[in-house]
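# Coordinates in review
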Amino acid sequence: MTGLSEDMEKQARLLSSQLVLGDRLVEVAATRTVLAWKGIKKDKKSSEIISFSKTEHVPLCDIIAAHKNHINAESGRSQKNPKRLHQMHPHAFTVSYVRRTRRRRRWRCGDVTFHCTNQGLCEQWIQVINEQLSLFTNRPRSLLVYINPYGGKRRGERVYEQKVAPLLRRACISADVIVTERANHARDHLISQANLNEYDGVVCVGGDGMFSEILHGLIIRTQTDHRVDRDRPDSELVPCSLRVGIIPAGSTDCICFSTVGASDAVTSALHIIVGDSQPMDVCSVHHRDRFLRYSVSLLGYGFYGDVLTDSERNRRLGPARYDLAGVKTFLSHKHYEGTISFLPAENKGTPRDKLRCRSGCGACQHKSSLKDRKQREMSEKTNLDKDGGHGWRVIHGKFIAINAASMSCACPRSPKGLAPSAHLADGTADLILVRRCSHLDFFRHLLRHTTKDDQFDHSFVEVHRVRKFCFQPRVCGPASADHRSGDPVTSCFGATRPCPATGNQGNGHGRWTCDGEILPHAAIRVSVHGQLIRLFARGIEEEQRQQGGRAPEGPCSPRDLEPS
Ligand SMILES: CCCCCCCCCCCCC/C=C/[C@@H](O)[C@H](CO)NC(=O)CCCCCCCCCCCCCCC
Ligand SMILES: Nc1ncnc2c1ncn2[C@@H]1O[C@H](COP(=O)(O)OP(=O)(O)OP(=O)(O)O)[C@@H](O)[C@H]1O
Ligand SMILES: [Ca+2]
């Protein structure tokens with residue numbers, strides 16, 4: 001034996017044989033975890049087979065599929081493959097695998113083709129590899145795909161057909177595709193029509209707004225199936241069983257970027273194919289005893305609420321609408337008065353610590369059990385703190401922006417995000433309060449979203465890690481009796497007085513944007529539901545660095561035959 005590698009020698013080989021790769025004779029071996037090969041040749045003097053190159057390998061979990069090649073005797077011959085070698089190895093199979101590129105966290109499909117002496121051996125290789133892949137029960141076999149043809153730059157359908165569908169076919173994953181015909185088509189279909197038992201996952205081709213439709217469809221369907229009352233703010237929500245894949249084709253694509261580390265259709269498709277799973281927190285938003293919406297990215301009052309409201313008027317501008325609205329809103333420099341009450345998350349780190357949420361994040365590993373959650377609620381009720389509010393803290397003030405992010409909200413506009421240390425699945429959100437400040441100071445704060453500087457390091461910014469919060473805009477006239485009582489829950493959701501001028505509470509105040517949708521009420525109550533949904537993603541991977549500071553090309557740099 002030529003000794004492929006020490007590790008491989010320790011594992012039982014499922015199959016090994018001498019094959020041809022390009023112009024080299026290689027010894028190839030498959031175990032339950034890896035496919036490896038090494039160049040070999042015959043020693044002229046002793047006629048023994050000796051190895052002459054380093055072992056290359058692909059972990060089986062990175063393999064997409066193995067397929068037979070249909071070789072035309074003349075044209076199929078590789079130029080590098082000498083005639084004699086080729087004649088002796090006329091059958092071939094190709095192994096497609098995930099290749100990490102040097103461009104930040106982007107994945108591509110790499111192909112490596114082996115030539116065999118006979119058809120039986122070729123088929124045996126294909127069978128062994130595909131049999132092992134079928135043991136990966138985390139991989140989806142059947143998907144329900146929704147495409148928003150109008151998201152972002154209106155490229156959703158093209159992106160799916162050209163970049164995603166061929167990869168799914170190669171991985172033998174079936175897909176039922178629905179191109180949406182109106183807003184909320186996907187949500188309504190998931191709630192009342194889709195036969196979800198037929199699928200292993202749902203794929204959304206579009207932006208954050210489209211993802212929000214899928215999120216609402218799945219959560220509402222799951223709660224209805226389990227008879228959970230969504231209108232009760234304290235209802236324990238049932239996690240959704242189907243995972244969601246996001247093929248980015250929107251304007252911000254913040255959810256894809258924050259969970260995959262790139263905004264790239266091929267990378268997302270490959271995360272779906274290998275069956276990644278990333279749990280994610282979801283915030284439920286209520287007004288009094290009425291459910292409003294769910295949020296996974298940005299709940300923003302004041303600045304971002306105004307940006308979104310203004311940007312909706314210019315939808316036809318595509319992604320540029322946010323920049324235009326951003327500049328206009330910045331120049332208007334408004335602030336809003338209100339009371340924010342929140343329940344701090346204990347022992348969960350802080351929004352300013354340096355612990356970033358990355359693949360396999362320790363802070364997101366622990367999902368609190370029902371017992372833990374009940375105990376916590378009991379202690380919330382018994383522990384009175386200095387604010388006298390059952391563990392709640394109350395802050396009254398004038399704010400330019402109030403932002404709550406249950407994940408970092410990293411996106412190409414702001415690579416570290418609005419809340420750089422927020423975690424995807426720790427059951428908390430980072431609450432960012434930007435108090436009234438000068439135009440220049442607010443500009444400095446915004447600018448730091450695009451640099452490495454700490455955007456929270458300003459006297460007018462404060463941040464808290466929270467499990468729940470509520471907001472009450474300042475109502476017309478003096479503060480209500482409930483407000484003055486200091487009981488945050490009553491003051492947020494009890495008898496707040498309608499504005500006598502408009503008769504309508506919330507009018508004339510700032511607005512909340514909830515993952516890009518404008519909420520109809522300013523007084524809201526928000527709870528974080530830990531790990532309510534799972535994505536086909538693995539969180540942002542730490543950049544692998546080799547000597548010289550470059551990321552490795554692939555699992556093992558095998559010959560890559562597909563252009564990226
Ligand atoms: C000076 C440069 C400042 C750049 C500041 C960039 C901060 C970007 C933070 C982005 C956070 C995105 C969170 C994602 C939320 C999504 O669920 C939602 C739905 O798609 N998208 C937005 O809300 C879309 C939100 C898009 C917001 C764009 C805001 C642009 C602000 C521009 C301010 C310019 C000031 C210029 C002064 C001359
Ligand atoms: N066929 C359709 N016609 C009109 N609107 C649709 C259709 N399908 C989906 N939508 C709506 O389009 C809105 C925007 O879509 P999407 O999120 O895909 O793109 P975007 O707004 O450009 O990107 P982002 O949300 O990342 O900023 C969503 O809120 C969705 O409800
Ligand atoms: Ca979180």
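Here the residue index of a chain counts from 1 through its sequence in written order. Just so you know, chain letters begin at A and ligand numbers begin at 1, following the order they were written in. With pLDDT at 70 or above as the cut-off, local features in this predicted model cover only qualifying residues; side-chain atom pairs require 80 or more to be listed or tallied, and sums for whole chains, interfaces and linings still use all residues. Values reported for side chains reflect all heavy atoms of the structure, with hydrogen atoms and water molecules removed beforehand.

Looking now at the domain arrangement of the protein. Each domain's limits were defined by an automated method or a database of domain assignments. Assigned domains of the protein: these are domain 1 (8-73 + 80-135), domain 2 (139-276) and domain 3 (281-359 + 391-474 + 510-530). If you look at the interface, domain 1 gives 18 residues, while domain 2 gives 17 residues. For the pairing of domain 1 and domain 2, the buried interface totals around 1300 Å² over both sides, and the portion due to carbon and sulfur atoms is 59%. In terms of surface lost to domain 2, no three residues of domain 1 exceed Ile64, Arg105 and Trp107, which account for 41% of the buried area on that side. One side-chain nitrogen of Lys or Arg within 4 Å of one carboxyl oxygen of Asp or Glu is enough to make a salt bridge. At the boundary of domain 1 and domain 2, one finds three salt bridges. Salt-bridge contacts for Asp264 lead to Arg108; the nearest nitrogen and oxygen are separated by 2.9 Å. Labels follow the DSSP assignment, with helices taken as runs of H or I lasting at least four residues and strands as runs of E lasting at least two, numbered in each case from the N terminus. If you list the elements that add at least two residues to the side of domain 1 that touches domain 2, you get strand S6 (63-69), strand S7 (91-100), strand S8 (107-116) and helix H3 (119-134). The contact criterion used is simple: two residues touch if any of their non-hydrogen atoms lie within 4.5 Å. A simple way to read buried area is as the amount of 1.4 Å-probe accessible surface that goes missing from two parts once joined, with both sides added.

It is worth spelling out the pattern of salt bridges at this point. It is possible for side chains bearing opposite charge to pair when their charged atoms get close. Tallied over the full model, the rule gives 23 salt bridges. Asp310 serves as the salt-bridge partner of Lys328, at 3.3 Å between the closest nitrogen and oxygen. Linking Lys328 in helix H10 (residues 320-332) with Asp310 in helix H9 (residues 303-312), this pair joins segments that are 18 residues apart in sequence. The cut-offs for exposure are 20% and 50% of the maximum accessible area for each residue type, with area from a 1.4 Å probe on protein chains only; residues under the lower value are buried, those over the upper are exposed, and the others partly exposed. Classification of Asp310 as buried rests on a relative accessible area of 8%.

A separate point is the UniProt feature "domain: DAGKc" (unreviewed entry) in the protein. According to UniProt, the feature "domain: DAGKc" (unreviewed entry) maps to residues 138-289 in the numbering used here. Secondary structure over residues 138-289 splits into 38% helix and 22% strand, and the C-alpha atoms at its two ends are 38 Å apart. UniProt positions are given in the numbering used here, feature names are shortened, and annotations may be inferred rather than shown by experiment.

The near set for a molecule or strand comprises every residue that places at least one heavy atom within 4 Å of it. Taken together, 20 residues sit near ligand 1, with Asp208, Ser297, Leu308, Phe330 and Asp515 positioned nearest. Two N or O atoms form a polar contact when they lie within 3.5 Å of each other; inside protein one atom must be a possible hydrogen donor and the other a possible acceptor, and for residues adjacent in sequence the pair counts only when both atoms belong to side chains. A distance of 3.2 Å separates an oxygen atom of ligand 1 from a polar atom in the side chain of Asp208. A distance of 3.4 Å separates an oxygen atom of ligand 1 from a polar side-chain atom of Thr252. Reported accessibility uses the Shrake-Rupley method at a 1.4 Å probe radius. Residues are deemed covered only where the shown protein chains occlude them. Taking 850 Å² as the accessible area of ligand 1 by itself, protein coverage stands at 86%. Within the residue set of the shell around ligand 1, elements represented by two or more residues are H9, H10 and helix H12 (439-447). By the convention adopted, Pro, Cys, Tyr, Trp, Phe, Met, Ile, Leu, Val and Ala count as nonpolar, Lys, Arg, Asp and Glu as charged, and the other residues, Gly among them, as polar. Classifying every residue of the shell around ligand 1 gives 12 nonpolar, six polar and two charged. A domain-level breakdown of the shell around ligand 1 finds at least three residues from each of domain 2 (139-276) and domain 3 (281-359 + 391-474 + 510-530).

Glancing now at a nonpolar patch on the surface. To count toward a patch, a residue needs a relative accessible area above 30% and no salt bridge. Like charges then connect within 9 Å, nonpolar side chains (Val, Leu, Ile, Met, Phe, Trp, Tyr) within 5 Å. A cluster of nonpolar residues, Leu440, Phe443 and Leu447, forms a patch on the protein surface that exposes about 280 Å² of accessible area. Tracing the chain through its elements places Leu447 in helix H12.

This part is about the state of the cysteines. Disulfides are defined in this document as cysteine sulfur pairs within 2.5 Å. Applying the stated rule across the entire model yields zero disulfides. Cys109 takes part in no disulfide bond, and the closest cysteine sulfur, belonging to Cys172, lies 13 Å away. No disulfide involves Cys283; its sulfur sits 8.2 Å from that of Cys514, the nearest cysteine.

For Asp306, the location among the structural elements is in helix H9. The class of Asp306 is buried, set by a relative accessible area of 16%. In sequence terms Asp306 and Ala401 are 95 residues apart; their C-alpha atoms lie 9.7 Å from each other. Setting aside residues up to four positions removed in sequence, Asp306 forms contacts with Thr329, Lys334 and Tyr336.

Below, the discussion takes up the coordination of the calcium ion (ligand 3). Donor criterion used throughout: N, O or S atom within 2.8 Å of the metal, extended to 3.2 Å for Na, K and Ca. Water excluded; incomplete-looking sites may result. The calcium ion (ligand 3) binds to the protein through Asp281 (OD), Ser406 (O), His423 (O), Asp426 (OD) and Thr428 (O); the donor distances cover 2.2 to 2.6 Å. Going along the chain, you hit the donors of the calcium ion (ligand 3) in the pattern D-x124-S-x16-H-x2-D-x1-T. With Asp281 in strand S13 (residues 278-287) and Asp426 in the loop between strand S17 (393-405) and strand S18 (429-435), this residue pair connects regions lying 145 residues apart in the sequence. For Asp426, a relative accessible area of 4% translates into the label buried.

Once that is clear, we can look at the side chain of Thr31. Looking at where Thr31 falls in the secondary structure, it is placed in the loop between strand S2 (24-30) and strand S3 (34-42). Within the structure, Thr31 has its side chain in polar contact with the backbone nitrogen of Thr33 (distance 3.2 Å).

With that settled, consider unusual backbone geometry. Positive phi values are uncommon outside glycine, yet Asn347 reaches one of about 55 degrees. Relative to the helices and strands, Asn347 resides in the loop between strand S16 (336-344) and helix H11 (370-382). If you check the backbone angles, Asp515 has positive phi at about 50 degrees while not being a glycine. Take Asp515: it is sitting in the loop between strand S20 (512-514) and strand S21 (517-518). A residue is classified by how much of its surface remains accessible, and Asp515, at 6% relative accessible area, is buried.

When you line up the elements, His333 lands in the loop between H10 and S16. Measuring from C-alpha to C-alpha, the distance between His333 and Ile246 comes to 35 Å, with 87 residues separating the pair along the chain. Excluding residues within four positions of it along the chain, His333 makes contact with Ile400, Cys437, Ser438, His439 and Phe442. Only 2.9 Å separates the side chain of His333 from the backbone oxygen of Cys437, close enough to count as a polar contact.

In the region of ligand 2, 23 residues are neighbours, and Gly152, Thr180, Gly207, Glu213 and Ser251 sit closest. One of the side-chain nitrogen or oxygen atoms of Glu213 is found 2.3 Å away from an oxygen atom of ligand 2. Contact with the protein chains covers 88% of the free accessible surface of ligand 2, which is 630 Å². The biggest single contributor to the shell around ligand 2 is helix H6 (residues 208-225), with four residues. Tallied by class, the residues present in the shell around ligand 2 amount to five nonpolar, 10 polar and eight charged.

To continue, consider the pairing of strand S1 (residues 15-21). The buried fraction of S1 is high, at five of seven residues. By the bridge criterion, seven bridges tie S1 to S2 in an arrangement that is antiparallel. Paired with Leu15 across the bridge in S2 is Ala30. Pairing between strands is defined by DSSP: at least two bridges between the two strands are required. Taking the residues that link successive antiparallel strands as the turn, the S1-S2 hairpin has two residues, and the phi of Gly22 there is positive, at about 65 degrees.

Turning to H12, its buried residues are Phe442, His445 and Leu446. One side of H12 carries all its buried residues, which in axial view fall inside an arc of 100 degrees. Looking at the buried side of H12, the elements it contacts are H9, H10, S17, S18 and strand S19 (461-473). Read the arc as the range of directions from the helix axis to the C-beta atoms.

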